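Chain by chain, the residues:
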Amino acid sequence: MKENFDFLMPSVNFFGAGVIKKIGQRAKMLNMTKVMIVTDKFLESVDNGPVKQTLASLDEAGVDYAVYNGVEPNPKIRNIQEAKKVYLENGCNGIITVGGGSAHDTGKGTGIILTNGDDITKLAGIETLENALPPLMAVNTTAGTGSELTRHCVITNQETHLKFVVVSWRNIPLVSFNDPMLMLDVPAKLTAATGMDTFVQAIEPYVSTNRNAITDAQCVGAIQLVESNLREAVANGHNVEARSNMVQAEMLGGMAFNNADLGYVHAMAHQLGGQYDAPHGVCCAILLPIVEEYNIVACPERFAELADIMGENTEGLSVRDAAQLSIKAMRQMADDVGIPRSIKEIGAKSEDFELMAENALKDGNAFSNPRKGTKQDIIDLFQKSYDAK
Ligand code: NAD
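Residues numbered from 1 in each chain as written. Predicted model: local features only at pLDDT ≥ 70, side-chain atom pairs only at ≥ 80, totals over all residues. Heavy atoms only, no water.

The name given to the protein in an unreviewed UniProt entry is Iron-containing alcohol dehydrogenase, with the source organism recorded as Companilactobacillus mishanensis.

Here you go:
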(Lines give C-alpha, C1' and ligand atoms only; values in the text may rest on other atoms or scores of the structure.)
Protein backbone atom coordinates (compact mmCIF):
# COMPACT_ATOMS: atom_id res chain seq x y z
CA MET A 1 0.00 0.00 0.00
CA LYS A 2 1.41 3.43 -0.99
CA GLU A 3 1.31 6.16 1.65
CA ASN A 4 1.93 9.18 -0.62
CA PHE A 5 0.41 9.32 -4.07
CA ASP A 6 -0.87 11.61 -6.83
CA PHE A 7 -4.38 10.59 -7.80
CA LEU A 8 -5.24 10.90 -11.49
CA MET A 9 -8.80 11.17 -12.75
CA PRO A 10 -10.05 11.70 -16.30
CA SER A 11 -11.15 15.34 -16.70
CA VAL A 12 -14.52 14.62 -18.34
CA ASN A 13 -16.05 11.39 -19.56
CA PHE A 14 -19.43 11.38 -21.24
CA PHE A 15 -21.20 8.09 -20.60
CA GLY A 16 -24.44 6.71 -22.01
CA ALA A 17 -26.55 6.12 -25.11
CA GLY A 18 -26.20 8.95 -27.62
CA VAL A 19 -23.43 10.94 -25.88
CA ILE A 20 -21.40 10.82 -29.09
CA LYS A 21 -23.65 13.62 -30.41
CA LYS A 22 -21.89 16.04 -28.04
CA ILE A 23 -18.45 15.67 -29.56
CA GLY A 24 -18.74 18.47 -32.13
CA GLN A 25 -19.61 21.04 -29.45
CA ARG A 26 -16.78 19.82 -27.22
CA ALA A 27 -14.32 20.13 -30.12
CA LYS A 28 -15.42 23.73 -30.52
CA MET A 29 -15.05 24.39 -26.79
CA LEU A 30 -11.46 23.15 -27.06
CA ASN A 31 -10.88 25.59 -29.96
CA MET A 32 -10.34 22.75 -32.41
CA THR A 33 -10.98 24.06 -35.92
CA LYS A 34 -9.48 21.12 -37.83
CA VAL A 35 -9.13 17.79 -36.09
CA MET A 36 -7.34 14.64 -37.11
CA ILE A 37 -9.50 11.54 -36.60
CA VAL A 38 -7.35 8.53 -35.70
CA THR A 39 -9.04 5.21 -36.50
CA ASP A 40 -8.87 2.08 -38.65
CA LYS A 41 -10.37 1.26 -42.03
CA PHE A 42 -12.95 -1.14 -40.63
CA LEU A 43 -14.44 1.32 -38.14
CA GLU A 44 -14.38 4.05 -40.77
CA SER A 45 -16.43 1.86 -43.12
CA VAL A 46 -19.27 0.97 -40.71
CA ASP A 47 -22.57 2.61 -41.70
CA ASN A 48 -23.76 4.86 -38.91
CA GLY A 49 -20.82 3.48 -36.88
CA PRO A 50 -18.56 5.32 -34.42
CA VAL A 51 -16.56 7.21 -37.06
CA LYS A 52 -19.58 8.25 -39.15
CA GLN A 53 -21.39 9.44 -35.99
CA THR A 54 -18.33 11.41 -34.85
CA LEU A 55 -18.00 13.07 -38.25
CA ALA A 56 -21.73 13.90 -38.32
CA SER A 57 -21.42 15.70 -34.99
CA LEU A 58 -18.31 17.58 -36.17
CA ASP A 59 -20.14 18.59 -39.38
CA GLU A 60 -23.05 19.90 -37.36
CA ALA A 61 -20.71 21.99 -35.21
CA GLY A 62 -18.81 23.28 -38.26
CA VAL A 63 -15.52 21.67 -37.25
CA ASP A 64 -13.32 20.53 -40.14
CA TYR A 65 -11.37 17.25 -40.11
CA ALA A 66 -8.85 14.97 -41.80
CA VAL A 67 -8.81 11.19 -41.25
CA TYR A 68 -5.87 8.89 -40.49
CA ASN A 69 -7.31 5.37 -40.88
CA GLY A 70 -4.14 3.27 -40.66
CA VAL A 71 -4.31 2.15 -36.99
CA GLU A 72 -3.14 -1.45 -36.58
CA PRO A 73 -3.85 -3.69 -33.56
CA ASN A 74 -0.86 -3.47 -31.18
CA PRO A 75 -0.10 -0.08 -32.84
CA LYS A 76 3.36 0.34 -34.28
CA ILE A 77 5.81 3.24 -34.41
CA ARG A 78 5.07 3.47 -38.16
CA ASN A 79 1.41 4.25 -37.33
CA ILE A 80 2.25 7.29 -35.22
CA GLN A 81 4.73 8.52 -37.83
CA GLU A 82 2.13 8.22 -40.60
CA ALA A 83 -0.47 9.97 -38.44
CA LYS A 84 1.95 12.79 -37.61
CA LYS A 85 2.39 13.38 -41.35
CA VAL A 86 -1.40 13.58 -41.87
CA TYR A 87 -1.70 15.99 -38.93
CA LEU A 88 0.98 18.35 -40.23
CA GLU A 89 -0.01 18.17 -43.91
CA ASN A 90 -3.59 19.10 -43.02
CA GLY A 91 -2.76 21.85 -40.55
CA CYS A 92 -4.69 20.14 -37.73
CA ASN A 93 -4.96 21.58 -34.22
CA GLY A 94 -6.50 18.69 -32.32
CA ILE A 95 -6.80 14.89 -32.31
CA ILE A 96 -9.88 12.67 -31.88
CA THR A 97 -9.28 8.93 -31.53
CA VAL A 98 -12.12 6.59 -32.50
CA GLY A 99 -11.77 2.91 -31.61
CA GLY A 100 -10.34 0.70 -28.91
CA GLY A 101 -7.00 0.85 -27.12
CA SER A 102 -5.07 0.71 -30.39
CA ALA A 103 -6.69 3.89 -31.78
CA HIS A 104 -6.30 5.78 -28.49
CA ASP A 105 -2.66 4.77 -28.10
CA THR A 106 -1.94 5.74 -31.71
CA GLY A 107 -3.49 9.17 -31.06
CA LYS A 108 -1.53 9.60 -27.83
CA GLY A 109 1.70 8.45 -29.50
CA THR A 110 1.15 10.88 -32.38
CA GLY A 111 0.57 13.72 -29.91
CA ILE A 112 3.72 12.73 -28.06
CA ILE A 113 5.98 12.89 -31.11
CA LEU A 114 4.36 16.12 -32.32
CA THR A 115 5.44 17.97 -29.18
CA ASN A 116 8.14 15.93 -27.43
CA GLY A 117 10.54 14.85 -30.18
CA ASP A 118 10.33 12.31 -32.96
CA ASP A 119 11.96 9.31 -31.28
CA ILE A 120 9.26 7.87 -29.00
CA THR A 121 11.48 4.98 -27.89
CA LYS A 122 13.53 7.51 -25.90
CA LEU A 123 10.39 8.51 -23.99
CA ALA A 124 9.45 5.03 -22.73
CA GLY A 125 9.07 5.05 -18.95
CA ILE A 126 7.23 7.03 -16.33
CA GLU A 127 6.56 10.81 -16.50
CA THR A 128 9.09 11.44 -19.26
CA LEU A 129 7.04 14.03 -21.20
CA GLU A 130 8.09 17.66 -20.84
CA ASN A 131 5.49 19.17 -23.15
CA ALA A 132 1.71 19.01 -23.41
CA LEU A 133 0.20 17.05 -26.31
CA PRO A 134 -2.14 18.80 -28.77
CA PRO A 135 -5.75 18.76 -27.46
CA LEU A 136 -6.92 15.15 -27.47
CA MET A 137 -10.38 13.58 -27.23
CA ALA A 138 -11.21 9.87 -27.30
CA VAL A 139 -14.31 8.06 -28.57
CA ASN A 140 -14.13 4.59 -27.07
CA THR A 141 -15.58 1.55 -28.85
CA THR A 142 -14.40 -1.44 -26.78
CA ALA A 143 -14.86 -2.39 -23.12
CA GLY A 144 -11.99 -2.48 -22.77
CA THR A 145 -8.61 -1.18 -22.11
CA GLY A 146 -9.52 2.05 -20.32
CA SER A 147 -7.05 3.82 -22.61
CA GLU A 148 -9.59 6.58 -23.28
CA LEU A 149 -8.92 7.81 -19.73
CA THR A 150 -5.48 6.49 -18.78
CA ARG A 151 -2.02 8.00 -18.77
CA HIS A 152 -0.57 5.00 -20.65
CA CYS A 153 0.44 4.90 -24.30
CA VAL A 154 1.43 1.40 -25.46
CA ILE A 155 3.37 1.21 -28.73
CA THR A 156 5.22 -1.62 -30.50
CA ASN A 157 8.57 -1.17 -32.19
CA GLN A 158 8.02 -3.06 -35.45
CA GLU A 159 11.77 -3.65 -35.88
CA THR A 160 12.53 -5.16 -32.45
CA HIS A 161 8.99 -6.47 -31.73
CA LEU A 162 9.23 -4.79 -28.33
CA LYS A 163 6.07 -3.32 -26.89
CA PHE A 164 6.84 -0.38 -24.62
CA VAL A 165 4.83 2.10 -22.56
CA VAL A 166 5.05 5.88 -22.22
CA VAL A 167 3.29 6.69 -18.94
CA SER A 168 2.48 10.35 -18.33
CA TRP A 169 -0.38 12.45 -16.98
CA ARG A 170 0.00 14.46 -20.20
CA ASN A 171 -1.41 11.49 -22.18
CA ILE A 172 -4.83 11.58 -20.54
CA PRO A 173 -7.43 12.68 -23.12
CA LEU A 174 -9.11 15.97 -22.18
CA VAL A 175 -12.55 14.57 -22.96
CA SER A 176 -13.61 10.97 -23.56
CA PHE A 177 -16.85 9.37 -24.70
CA ASN A 178 -18.21 5.96 -23.71
CA ASP A 179 -21.41 5.37 -25.62
CA PRO A 180 -22.43 1.70 -25.13
CA MET A 181 -24.62 1.85 -28.25
CA LEU A 182 -21.38 2.01 -30.28
CA MET A 183 -20.37 -1.34 -28.79
CA LEU A 184 -23.46 -3.46 -29.45
CA ASP A 185 -21.97 -5.02 -32.59
CA VAL A 186 -18.58 -5.90 -31.14
CA PRO A 187 -18.19 -9.61 -32.07
CA ALA A 188 -18.32 -12.18 -29.23
CA LYS A 189 -14.63 -13.08 -29.47
CA LEU A 190 -13.57 -9.44 -29.21
CA THR A 191 -16.06 -8.82 -26.39
CA ALA A 192 -14.48 -11.73 -24.50
CA ALA A 193 -10.89 -10.60 -25.07
CA THR A 194 -11.50 -6.94 -24.20
CA GLY A 195 -13.71 -7.87 -21.23
CA MET A 196 -10.98 -10.14 -19.86
CA ASP A 197 -8.55 -7.21 -20.21
CA THR A 198 -10.91 -5.22 -17.98
CA PHE A 199 -11.01 -8.12 -15.49
CA VAL A 200 -7.20 -8.27 -15.34
CA GLN A 201 -6.96 -4.48 -15.04
CA ALA A 202 -9.08 -4.68 -11.90
CA ILE A 203 -7.32 -7.71 -10.37
CA GLU A 204 -3.69 -6.60 -10.85
CA PRO A 205 -4.16 -3.21 -9.10
CA TYR A 206 -5.96 -4.98 -6.23
CA VAL A 207 -2.76 -6.88 -5.40
CA SER A 208 -0.32 -4.21 -6.61
CA THR A 209 2.28 -2.78 -4.25
CA ASN A 210 1.04 0.70 -5.29
CA ARG A 211 -2.60 0.23 -4.33
CA ASN A 212 -4.56 2.52 -2.02
CA ALA A 213 -8.06 2.56 -0.54
CA ILE A 214 -9.50 4.50 -3.50
CA THR A 215 -8.15 2.09 -6.09
CA ASP A 216 -9.28 -0.88 -3.97
CA ALA A 217 -12.87 0.38 -4.14
CA GLN A 218 -12.58 0.85 -7.90
CA CYS A 219 -11.21 -2.69 -8.33
CA VAL A 220 -13.99 -4.24 -6.25
CA GLY A 221 -16.65 -2.42 -8.30
CA ALA A 222 -15.05 -3.41 -11.60
CA ILE A 223 -14.58 -7.08 -10.67
CA GLN A 224 -18.18 -7.42 -9.52
CA LEU A 225 -19.49 -5.79 -12.69
CA VAL A 226 -17.38 -8.12 -14.85
CA GLU A 227 -18.51 -11.16 -12.85
CA SER A 228 -22.15 -10.31 -13.38
CA ASN A 229 -22.05 -8.97 -16.97
CA LEU A 230 -19.22 -10.30 -19.12
CA ARG A 231 -20.70 -13.75 -19.80
CA GLU A 232 -23.98 -12.13 -20.84
CA ALA A 233 -22.28 -9.48 -23.01
CA VAL A 234 -20.41 -12.26 -24.84
CA ALA A 235 -23.50 -14.45 -25.27
CA ASN A 236 -25.90 -11.62 -26.14
CA GLY A 237 -24.06 -8.61 -27.52
CA HIS A 238 -27.25 -6.59 -27.95
CA ASN A 239 -28.04 -6.63 -24.23
CA VAL A 240 -27.63 -2.89 -23.61
CA GLU A 241 -27.55 -3.28 -19.83
CA ALA A 242 -24.71 -5.83 -19.94
CA ARG A 243 -22.80 -3.61 -22.39
CA SER A 244 -23.34 -0.51 -20.23
CA ASN A 245 -22.17 -2.35 -17.14
CA MET A 246 -19.07 -3.61 -18.91
CA VAL A 247 -18.24 -0.03 -19.98
CA GLN A 248 -18.53 1.11 -16.37
CA ALA A 249 -16.34 -1.82 -15.30
CA GLU A 250 -13.68 -0.81 -17.79
CA MET A 251 -13.79 2.81 -16.61
CA LEU A 252 -13.37 1.70 -12.99
CA GLY A 253 -10.52 -0.64 -13.93
CA GLY A 254 -8.87 2.10 -16.00
CA MET A 255 -8.98 4.55 -13.11
CA ALA A 256 -7.66 1.86 -10.73
CA PHE A 257 -4.60 0.92 -12.75
CA ASN A 258 -3.97 4.54 -13.74
CA ASN A 259 -3.16 5.02 -10.07
CA ALA A 260 -2.18 1.64 -8.59
CA ASP A 261 -0.40 0.26 -11.68
CA LEU A 262 -0.42 -3.35 -12.85
CA GLY A 263 1.87 -6.40 -12.53
CA TYR A 264 3.52 -9.35 -14.25
CA VAL A 265 0.41 -10.31 -16.25
CA HIS A 266 0.72 -7.07 -18.21
CA ALA A 267 4.52 -7.07 -18.23
CA MET A 268 4.46 -10.56 -19.80
CA ALA A 269 1.41 -9.92 -22.05
CA HIS A 270 3.28 -7.00 -23.63
CA GLN A 271 6.03 -9.42 -24.68
CA LEU A 272 3.51 -11.80 -26.27
CA GLY A 273 1.74 -8.92 -28.03
CA GLY A 274 4.99 -7.44 -29.34
CA GLN A 275 6.52 -10.75 -30.41
CA TYR A 276 3.48 -12.45 -31.99
CA ASP A 277 1.12 -9.51 -32.66
CA ALA A 278 -1.49 -11.37 -30.57
CA PRO A 279 -4.67 -9.76 -29.16
CA HIS A 280 -3.79 -8.06 -25.88
CA GLY A 281 -6.86 -9.21 -23.94
CA VAL A 282 -6.28 -12.85 -24.91
CA CYS A 283 -2.62 -12.68 -23.82
CA CYS A 284 -3.66 -11.20 -20.46
CA ALA A 285 -6.47 -13.70 -19.96
CA ILE A 286 -4.29 -16.77 -20.57
CA LEU A 287 -1.57 -15.52 -18.23
CA LEU A 288 -3.91 -14.35 -15.45
CA PRO A 289 -4.52 -17.54 -13.40
CA ILE A 290 -0.94 -18.76 -13.83
CA VAL A 291 0.73 -15.51 -12.76
CA GLU A 292 -1.69 -14.87 -9.90
CA GLU A 293 -1.23 -18.40 -8.52
CA TYR A 294 2.50 -17.61 -8.42
CA ASN A 295 1.73 -14.31 -6.65
CA ILE A 296 -0.43 -15.80 -3.87
CA VAL A 297 2.50 -16.32 -1.51
CA ALA A 298 3.19 -12.54 -1.46
CA CYS A 299 -0.30 -11.55 -0.20
CA PRO A 300 -2.54 -14.58 0.41
CA GLU A 301 -5.11 -12.53 2.31
CA ARG A 302 -5.66 -10.23 -0.71
CA PHE A 303 -6.33 -13.25 -2.91
CA ALA A 304 -8.71 -14.67 -0.28
CA GLU A 305 -10.59 -11.34 -0.43
CA LEU A 306 -10.65 -11.58 -4.22
CA ALA A 307 -12.39 -14.95 -3.95
CA ASP A 308 -15.14 -13.32 -1.89
CA ILE A 309 -15.39 -10.38 -4.29
CA MET A 310 -15.75 -12.84 -7.18
CA GLY A 311 -18.68 -14.49 -5.37
CA GLU A 312 -16.95 -17.69 -4.23
CA ASN A 313 -18.02 -19.31 -0.98
CA THR A 314 -14.99 -19.14 1.31
CA GLU A 315 -16.75 -19.88 4.57
CA GLY A 316 -14.67 -22.05 6.88
CA LEU A 317 -11.69 -22.13 4.52
CA SER A 318 -8.10 -21.29 5.45
CA VAL A 319 -6.70 -18.11 3.88
CA ARG A 320 -4.56 -20.23 1.55
CA ASP A 321 -7.52 -22.34 0.38
CA ALA A 322 -9.71 -19.26 -0.07
CA ALA A 323 -6.91 -17.60 -2.08
CA GLN A 324 -6.75 -20.67 -4.30
CA LEU A 325 -10.49 -20.32 -4.98
CA SER A 326 -9.86 -16.88 -6.54
CA ILE A 327 -7.56 -18.56 -9.07
CA LYS A 328 -10.26 -21.10 -9.85
CA ALA A 329 -12.74 -18.24 -10.43
CA MET A 330 -10.32 -16.46 -12.79
CA ARG A 331 -9.82 -19.65 -14.82
CA GLN A 332 -13.56 -20.31 -14.86
CA MET A 333 -14.31 -16.84 -16.23
CA ALA A 334 -11.73 -17.26 -19.02
CA ASP A 335 -13.11 -20.71 -19.90
CA ASP A 336 -16.70 -19.48 -19.88
CA VAL A 337 -15.99 -16.75 -22.43
CA GLY A 338 -13.96 -19.04 -24.69
CA ILE A 339 -10.37 -17.94 -24.04
CA PRO A 340 -7.81 -20.64 -24.97
CA ARG A 341 -5.77 -22.07 -22.08
CA SER A 342 -2.30 -22.07 -23.67
CA ILE A 343 -0.12 -19.40 -25.26
CA LYS A 344 0.64 -22.03 -27.94
CA GLU A 345 -2.70 -20.94 -29.44
CA ILE A 346 -1.32 -17.46 -30.13
CA GLY A 347 1.86 -18.77 -31.72
CA ALA A 348 4.25 -18.63 -28.74
CA LYS A 349 7.55 -20.54 -29.05
CA SER A 350 9.63 -21.80 -26.10
CA GLU A 351 12.87 -20.58 -27.65
CA ASP A 352 11.66 -16.97 -27.23
CA PHE A 353 10.94 -17.25 -23.49
CA GLU A 354 14.39 -16.24 -22.23
CA LEU A 355 14.49 -12.91 -24.12
CA MET A 356 10.81 -12.22 -23.37
CA ALA A 357 11.42 -12.87 -19.66
CA GLU A 358 14.36 -10.47 -19.66
CA ASN A 359 12.24 -7.77 -21.30
CA ALA A 360 9.20 -8.45 -19.10
CA LEU A 361 11.25 -7.65 -16.01
CA LYS A 362 12.15 -4.26 -17.56
CA ASP A 363 8.51 -3.43 -18.46
CA GLY A 364 7.12 -0.59 -16.33
CA ASN A 365 4.30 -2.84 -15.10
CA ALA A 366 6.69 -5.33 -13.50
CA PHE A 367 7.69 -3.02 -10.64
CA SER A 368 4.35 -3.06 -8.84
CA ASN A 369 3.88 -6.85 -8.96
CA PRO A 370 3.40 -8.12 -5.39
CA ARG A 371 6.07 -10.84 -5.71
CA LYS A 372 9.54 -10.02 -6.97
CA GLY A 373 10.60 -12.69 -9.44
CA THR A 374 13.83 -13.73 -11.13
CA LYS A 375 14.28 -14.14 -14.86
CA GLN A 376 13.99 -17.91 -14.34
CA ASP A 377 10.65 -17.40 -12.54
CA ILE A 378 9.28 -15.53 -15.56
CA ILE A 379 10.61 -18.15 -17.99
CA ASP A 380 8.86 -20.80 -15.87
CA LEU A 381 5.61 -18.81 -15.94
CA PHE A 382 5.78 -18.54 -19.75
CA GLN A 383 6.48 -22.29 -19.89
CA LYS A 384 3.55 -23.06 -17.58
CA SER A 385 1.27 -20.90 -19.77
CA TYR A 386 2.57 -22.83 -22.78
CA ASP A 387 1.96 -26.27 -21.22
CA ALA A 388 -1.46 -25.34 -19.80
CA LYS A 389 -4.36 -27.53 -20.97
P1 NAD B 1 -8.11 -2.78 -30.56
O2 NAD B 1 -8.23 -1.34 -30.36
O3 NAD B 1 -6.80 -3.34 -31.02
O4 NAD B 1 -9.22 -3.25 -31.58
C5 NAD B 1 -9.27 -4.62 -32.00
C6 NAD B 1 -10.19 -4.76 -33.20
O7 NAD B 1 -11.51 -4.45 -32.80
C8 NAD B 1 -9.86 -3.79 -34.34
O9 NAD B 1 -9.78 -4.55 -35.52
C10 NAD B 1 -11.05 -2.83 -34.38
O11 NAD B 1 -11.37 -2.45 -35.70
C12 NAD B 1 -12.15 -3.67 -33.78
N13 NAD B 1 -13.19 -2.86 -33.12
C14 NAD B 1 -13.00 -1.85 -32.23
N15 NAD B 1 -14.19 -1.37 -31.83
C16 NAD B 1 -15.14 -2.09 -32.46
C17 NAD B 1 -16.56 -2.04 -32.46
N18 NAD B 1 -17.25 -1.18 -31.71
N19 NAD B 1 -17.22 -2.93 -33.24
C20 NAD B 1 -16.55 -3.84 -33.98
N21 NAD B 1 -15.21 -3.93 -34.02
C22 NAD B 1 -14.52 -3.06 -33.27
O23 NAD B 1 -8.54 -3.60 -29.24
P24 NAD B 1 -8.42 -3.18 -27.72
O25 NAD B 1 -8.39 -4.46 -26.96
O26 NAD B 1 -9.40 -2.16 -27.36
O27 NAD B 1 -6.97 -2.49 -27.60
C28 NAD B 1 -5.79 -3.26 -27.47
C29 NAD B 1 -4.58 -2.35 -27.43
O30 NAD B 1 -4.68 -1.44 -26.31
C31 NAD B 1 -3.30 -3.13 -27.22
O32 NAD B 1 -2.28 -2.59 -28.02
C33 NAD B 1 -3.00 -2.92 -25.75
O34 NAD B 1 -1.64 -3.05 -25.42
C35 NAD B 1 -3.50 -1.50 -25.53
N36 NAD B 1 -3.83 -1.15 -24.14
C37 NAD B 1 -3.66 0.14 -23.79
C38 NAD B 1 -3.95 0.55 -22.51
C39 NAD B 1 -3.75 1.98 -22.13
O40 NAD B 1 -4.09 2.36 -21.00
N41 NAD B 1 -3.20 2.79 -22.99
C42 NAD B 1 -4.46 -0.36 -21.58
C43 NAD B 1 -4.63 -1.67 -21.98
C44 NAD B 1 -4.32 -2.07 -23.27
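In this section: the overall build of the protein. What the protein contains, in helices and strands, is 14 helices and 9 strands. Taking 389 residues into account, the globule formula puts the C-alpha radius of gyration at 21 Å, and the protein, at 20 Å, falls close to it. Restricting to contacts in the protein with at least 6 residues of sequence separation, those with at least 24 account for 78%. About 15000 Å² of surface is accessible on the protein, with carbon and sulfur atoms providing 52% of the total. Side chains of the protein give 34 positive and 48 negative charges; the mean places of these two sets differ by 2 Å. (Helix = DSSP H or I, 4+ residues; strand = E, 2+ residues; numbered from the N terminus. Rg over C-alpha atoms; globule rule 2.2 N^0.38 Å. Contact = heavy atoms within 4.5 Å. Areas by Shrake-Rupley, 256 points an atom, 1.4 Å probe, with all protein chains shown as cover. Lys, Arg positive; Asp, Glu negative; His and termini not counted. Charge placed at Lys NZ, Arg CZ, Asp CG, Glu CD.)

Here the focus is the UniProt feature "domain: Alcohol dehydrogenase iron-type/glycerol dehydrogenase GldA" (unreviewed entry) in the protein. When the UniProt feature table is mapped onto this chain numbering, "domain: Alcohol dehydrogenase iron-type/glycerol dehydrogenase GldA" (unreviewed entry) sits at residues 10–180. Here residues 10–180 is 30% helix and 25% strand, with 18 Å between the C-alpha atoms at its ends. (UniProt positions renumbered as here; feature names shortened; annotations may be inferred.)

Bring the parts together and some accessible area is lost; that lost area is often taken as the interface size. Once the domains are mapped, the protein shows domain 1 (12–182) and domain 2 (188–386). For domain 1 and domain 2, the distance between their C-alpha centres works out to 26 Å. Listed by partner, the interface residues are 26 residues for domain 1 and 29 residues for domain 2. For the pair domain 1 and domain 2, the summed buried surface comes to about 2200 Å²; carbon and sulfur atoms form 55% of the total. It is F15, A143 and K163 that lose the most area in domain 1 upon contact with domain 2, and together they represent 24% of the buried surface on that side. (Domains from an automatic or database assignment. Buried area = accessible area lost by both parts, 1.4 Å probe.)

Before going further, it helps to examine the state of the cysteines. Going through the model one piece at a time under the given rule, you end up with 0 disulfides. C92 forms no disulfide, and the closest cysteine sulfur to it belongs to C153, at a distance of 18 Å. (Disulfide = S-S within 2.5 Å.)

Our next topic: the sheet that holds strand β2 (residues 34–38). Ordered by their spatial adjacency, 6 strands build an open sheet running β1-β9-β6-β4-β2-β3, and the pairing between neighbours is parallel. Each edge of the open sheet carries a strand with a single partner, namely β1 (12–15) and β3 (64–68). Neighbour to neighbour, the strand axes of the sheet diverge by 20° on average, direction disregarded. Against the sheet, helix α8 (residues 240–260) touches β1, β6 (136–140) and β9 (175–178), its axis set at about 165° to β1. (Pairing = 2+ DSSP bridges. Axes fitted to C-alpha atoms, helices over the stretch in contact; angles between N-to-C directions.)

The interhelical angle for the contact between helix α11 (residues 300–309) and helix α12 (residues 319–336), taken along N-to-C directions, is 55°, at an axis separation of 7 Å. In this view, α11 runs oblique relative to α12, as classed from their interaxial angle. Judged by the sense of rotation from one axis to the other, the crossing of α11 with α12 is left-handed. The segment α11 lies against α12, with P300, E301, F303, A304, L306 and A307 engaging V319, R320, A322, A323, L325, S326, I327 and M330. Within the contact of α11 with α12, the residues separate by chemical class into 11 nonpolar, 1 polar and 2 charged. (Parallel < 35°, antiparallel > 145°, perpendicular 65-115°, else oblique. Left-handed = near helix turned anticlockwise from the far one by under 90°. Nonpolar A, V, L, I, M, F, W, Y, C, P; charged D, E, K, R; others polar.)

Attention shifts here to the pairing of β6. Most of β6 is tucked away, with 5 of its 5 residues classed as buried. Residues of β6 alternate between two faces, with L136, A138 and N140 on one and M137 and V139 on the opposite face, all of them buried. Examined bridge by bridge, strand β4 (residues 94–99) and β6 share 5 bridges and lie parallel to one another. Looking at the pairing, V98 lines up with V139 of β6. Sheet topology places β6 next to β9; 4 bridges connect them, and they run parallel. In the strand pairing of β9, M137 is matched with V175. (Buried < 20%, exposed > 50% of the residue type's maximum accessible area, 1.4 Å probe, protein only.)

In this section: the environment of C92. Of note, C92 is situated in the loop between α4 (77–89) and β4. Residues in contact with C92, not counting those within four places in the same chain, are K34, V35, M36, A66 and Y87.

Turning to the packing of helix α7 (residues 213–235) against α11, a few remarks are in order. Geometrically, a packed helix pair is captured by the angle between its two axes and the distance between the axes. Where α7 contacts α11, the two axes come as close as 10 Å, and the packing angle between them is 40°. As judged from the angle between their axes, α7 and α11 are oblique. Where α7 approaches α11, its residues D216, V220, I223 and Q224 are matched on the opposing element by R302, L306 and I309. Partitioning the contact of α7 with α11 into residue classes produces 4 nonpolar, 1 polar and 2 charged.

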